[in-house]
Amino acid sequence: MAEIAKLTLDGKEYEYPIIEGSEQEKAIDISKLRAQTGYITIDPGFKNTGSTTSAITYLDGEKGLLRYRGYSIEDLADKADFLGVAYLLIYGELPTQSQYDEFVGKIRRHTMVNEDMRKIFDGFPVNAHPMGVMSSLVSAMSGFYPESYSKSDMDNIDLHIVRLMAKLPTLATWCYKKSQGHPINYPNNNLDYCSNFLHMMFALPVEKYEVDPVVSNALNKLLILHADHEQNCSTSTVRLVGSSQANIYSSISAGISALWGPLHGGANQAVIEMLEAIRADGGGVEKYLNKAKDKNDPFRLMGFGHRVYKNFDPRARIIKKAADEVLAALGIEDPVLDIARGLEEAALSDDYFVERKLYPNVDFYSGIIYRALGIPVNMFTVMFAIGRLPGWIAQWLELRNDGQAIGRPRQIYTGETVRPFVDIENR
Ligand code: CMC
């Protein structure tokens, strides 16, 4: 017999079906709740609320597992390349050689950005945060591809996907070049995705730039690790905007804005800033652990804790190992790496963090690698966005293909009840 949940309200009993996922996760389907009872549910922060079913990414926060389309993050980070993983997320299967060649070939051919976008970009002040600039530029892209406004333009969706994948790295490097006062580099389509990004970031007109394979391989791994993470804040934002049938550029632009916050992708920048502050303060971690535990102090240990993981974030494990390897291969000694290790060790043996199951998350060690690759701190969250792009696209596409209803939560009103208007002289 199918499982059901029973609810008793005002003396009446109601039954709700149980939905079970392919990994035996269970949910109570309350889609008829309000129509039948007049009640809604309240769940601030959506801690218990599933907004959708999805076949893209599975994660088990208790066991510390993460899989894209059934493939473990460990296997993908070790054996795949970022564009192959992007294809997997977006189209559901690992590409065959010819599918891969076609996908990569199209992305290579779309790396240039319309020159008129430069006029929009030039209007930003030199110290504008690159995440704000990126969100604006991606939104502006819709204006260059007006066919994307049409709800029926799913015929061209593959082209929009290719454009986004191809142009986001180009736009990101504009931000960096401007901050340095250097001319922007046009893409070199002979290079692979990661090497092309590094070329646009670091090549100068005055000397030859050779991409270091240690650097491009590390970047490839980091992008794979960030590529999707089911219904997180930015992905839910992309889905919510997409559910109004807004075009894909506007939806992704909204996702970039959501990612910017320090509780989400912005944590990678906040982690390095925190580690540097600890270093400037003599390097002792105890004071900062105590600040993080003090409920009267707003300070939190950045890069620690996660809404879903109550165990090691599997991405953090891989990144920690990669940080050791990359720094050794590049011959870099970063003093904040030791501080990060000390902080992690101290937190993992501290009752406050143990009881609350707070472990290092993806952002704890990623900044140390980005910095070793020469990427400045204010570009860290942009790197996260480049990595997360295929996930956002895949989730947007799934939402549209599933024909989901517009996202429109309800509320319980707690304001004034009806009252007569008061003329200004009587207020
Ligand atoms: N430092 C100190 N205390 C913490 C931390 C932390 N980093 N994270 C959670 N706590 C405490 C929190 O104060 C609460 O304690 P109590 O039960 O006594 O009130 C308890 O742990 C549960 O925390 P919560 O805020 O209810 O958990 P949440 O699921 O709402 O928040 C989080 C998750 C990631 C926003 C939070 O852990 C945090 O602020 N971490 C630091 C920022 C960060 O690293 N963000 C990146 C997340 S991973 C990548 C991504 O999503 O982009």
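Since this is a predicted model, take the numbers as computed values, not measurements.

Thresholds applied
Residues numbered from 1 in each chain as written. Predicted model: local features only at pLDDT ≥ 70, side-chain atom pairs only at ≥ 80, totals over all residues. Heavy atoms only, no water. Helix = DSSP H or I, 4+ residues; strand = E, 2+ residues; numbered from the N terminus. Contact = heavy atoms within 4.5 Å. Polar contact = N/O pair within 3.5 Å; in protein donor to acceptor, adjacent residues only side chain to side chain. 1 Å grid on protein atoms, 1.4 Å probe; cavity = no way out; pocket = protein on both sides within 12 Å on 5 of 7 lines; lining within 4 Å. Points joined across faces, edges and corners; volume = space filled by probe spheres on them. Nonpolar A, V, L, I, M, F, W, Y, C, P; charged D, E, K, R; others polar. Salt bridge = Lys/Arg side-chain N within 4 Å of Asp/Glu carboxyl O. Buried < 20%, exposed > 50% of the residue type's maximum accessible area, 1.4 Å probe, protein only. Pairing = 2+ DSSP bridges. Phe/Tyr/Trp six-rings, centres within 6.5 Å; stacked < 30°, edge-to-face > 60°. Axes fitted to C-alpha atoms, helices over the stretch in contact; angles between N-to-C directions. Parallel < 35°, antiparallel > 145°, perpendicular 65-115°, else oblique. Left-handed = near helix turned anticlockwise from the far one by under 90°.

Quick look at the environment of Ser243
Thinking step 1. Relative to the helices and strands, Ser243 is located in helix α10 (residues 233–243).
Thinking step 2. As for Ser243 and Arg400, which are separated by 157 residues in sequence, their C-alpha atoms are 7.4 Å apart.
Thinking step 3. In contact with Ser243, other than residues within four places in its own chain, are Leu399, Ala405, Ile406 and Gly407.
Thinking step 4. One polar contact links the side chain of Ser243 to the main-chain amide nitrogen of Gly407, over a distance of 2.8 Å.

Examining the layout of surface pockets
Thinking step 1. Roughly 280 Å³ of internal volume is contained in the second largest pocket.
Thinking step 2. Around the second largest pocket, the lining is made up of 22 residues, and of these Asp81, Leu83, Asp192, Tyr193 and Cys194 lie nearest the centre.
Thinking step 3. Mapped by element, the contributors of at least two residues to the lining of the second largest pocket are α3 (82–91), α4 (97–109), α7 (157–180), α8 (193–202) and α9 (213–226).
Thinking step 4. The element contributing the most residues to the lining of the second largest pocket is α8, with five residues.
Thinking step 5. For the lining of the second largest pocket, the residue count by class is 12 nonpolar, seven polar and three charged.

Topic: the pattern of salt bridges
Thinking step 1. Considering all chains together, one arrives at 21 salt bridges under this definition.
Thinking step 2. Here Lys291 ties to Asp297 by a salt bridge, and the two come within 3.1 Å at their closest N and O atoms.
Thinking step 3. Judged by relative accessible area, which is 18%, Asp297 ranks as buried.
Thinking step 4. Several salt bridges share partner residues, and in doing so they unite Glu276, Arg279, Asp334 and Arg371 into one network.

Some points on the pairing of strand β1 (residues 4–9)
Thinking step 1. Where β1 meets strand β2 (residues 12–20), six bridges bridge the pair, whose relative direction is antiparallel. From the neighbouring strand, Leu7 faces β2, where its bridge partner is Tyr14.
Thinking step 2. Linking β1 to β2, which pair antiparallel, is a turn of two residues; within it Asp10 sits at a positive phi near 50°.

Examining the packing of aromatic side chains
Thinking step 1. Evaluation of the coordinates by the stated rule reveals 15 aromatic pairs.
Thinking step 2. Seen in terms of ring centroids, Phe312 and Tyr359 are 5.0 Å apart; in terms of plane orientation they differ by 50°. Their pairing is tilted. Residue Phe312 is found in the loop between α13 (286–293) and α14 (314–330), and its partner Tyr359 is found in the loop between α16 (351–355) and α17 (363–372); the two are separated by 47 residues along the sequence.
Thinking step 3. For the pair Phe364 and Tyr365, a centre-to-centre distance of 5.0 Å together with 90° between the ring planes defines the contact as edge-to-face.

Thoughts on the environment of Leu33
Thinking step 1. Counting through the fold element by element, Leu33 comes out in helix α1 (residues 33–37).
Thinking step 2. In the structure, Leu33 is positioned 286 residues away from Ile319 in sequence and 43 Å away in space, judged by C-alpha atoms.
Thinking step 3. With sequence-adjacent residues up to four places away left out, Leu33 is seen in contact with Leu7, Tyr16, Gly38, Tyr39, Ile40 and Thr41.

A word on empty space enclosed by the protein
Thinking step 1. In total, this model carries two cavities of 30 Å³ or more according to the counting rule given.
Thinking step 2. Residue lining of the second largest cavity: Met112, Val113, Glu115, Arg118, Thr170, Trp174, Ile184, Asn185, Tyr186 and Pro187, and that is the complete set.
Thinking step 3. Taken together, the residues of the lining of the second largest cavity sort by class into six nonpolar, two polar and two charged.

Some words on the sheet that holds strand β6 (residues 71–72)
Thinking step 1. Spatially, three strands are ordered β4-β5-β6 in an open sheet, and the strand pairing comes out antiparallel. Both outer strands of the open sheet, β4 (57–60) and β6, are each paired with one neighbouring strand and no more.
Thinking step 2. Bridging between β4 and strand β5 (residues 65–68) involves four bridges; their strand directions are antiparallel. The partner of Asp60 across the bridge, within β5, is Leu65.

Here we look at unusual backbone geometry
The bulk of non-glycine residues show a negative phi, and the bulk of peptide bonds are trans.
Thinking step 1. Phi is positive for Phe46, which is not a glycine, with a value near 55°.
Thinking step 2. Inspection of the secondary structure assignment puts Phe46 in the loop between α1 and β4.
Thinking step 3. Overall, Phe46 belongs to the exposed group, its relative accessible area being 57%.
Thinking step 4. Located in the positive-phi region is Glu230, a residue other than glycine, with phi close to 40°.
Thinking step 5. Checked against the element boundaries, Glu230 lands in the loop between α9 and α10.
Thinking step 6. Look at Glu230 and you get partly exposed, because its relative accessible area is 22%.

Describing the packing of helix α11 (residues 248–260) against helix α18 (residues 380–402)
Think of two packed helices as two axes; the pair is described by the angle between the axes and how far apart they sit.
Thinking step 1. Two elements in contact, α11 and α18, have axes separated by 10 Å at closest approach and are oriented at 135°. Relative to α18, the element α11 lies oblique. As for the relative orientation of α11 and α18, their crossing is right-handed in sense. Side by side, α11 and α18 meet where Ile248, Ser251, Ile252, Gly255, Ile256, Leu259 and Trp260 of the first sit next to Thr381, Phe384, Ala385, Leu389, Trp392, Ile393 and Trp396 of the second.
Thinking step 2. Counted by class, the contact of α11 with α18 contains 11 nonpolar, three polar and no charged residues.

Regarding the sheet that holds β1
Thinking step 1. Spatially, β1-β2-β3 is the arrangement adopted by the three strands of the open sheet, whose pairing is antiparallel. Both edges of this open sheet fall to β1 and β3 (26–28), since each of them pairs with a single strand only. Averaged over all adjacent pairs, the angle separating strand axes in this sheet is 30°, with direction ignored.

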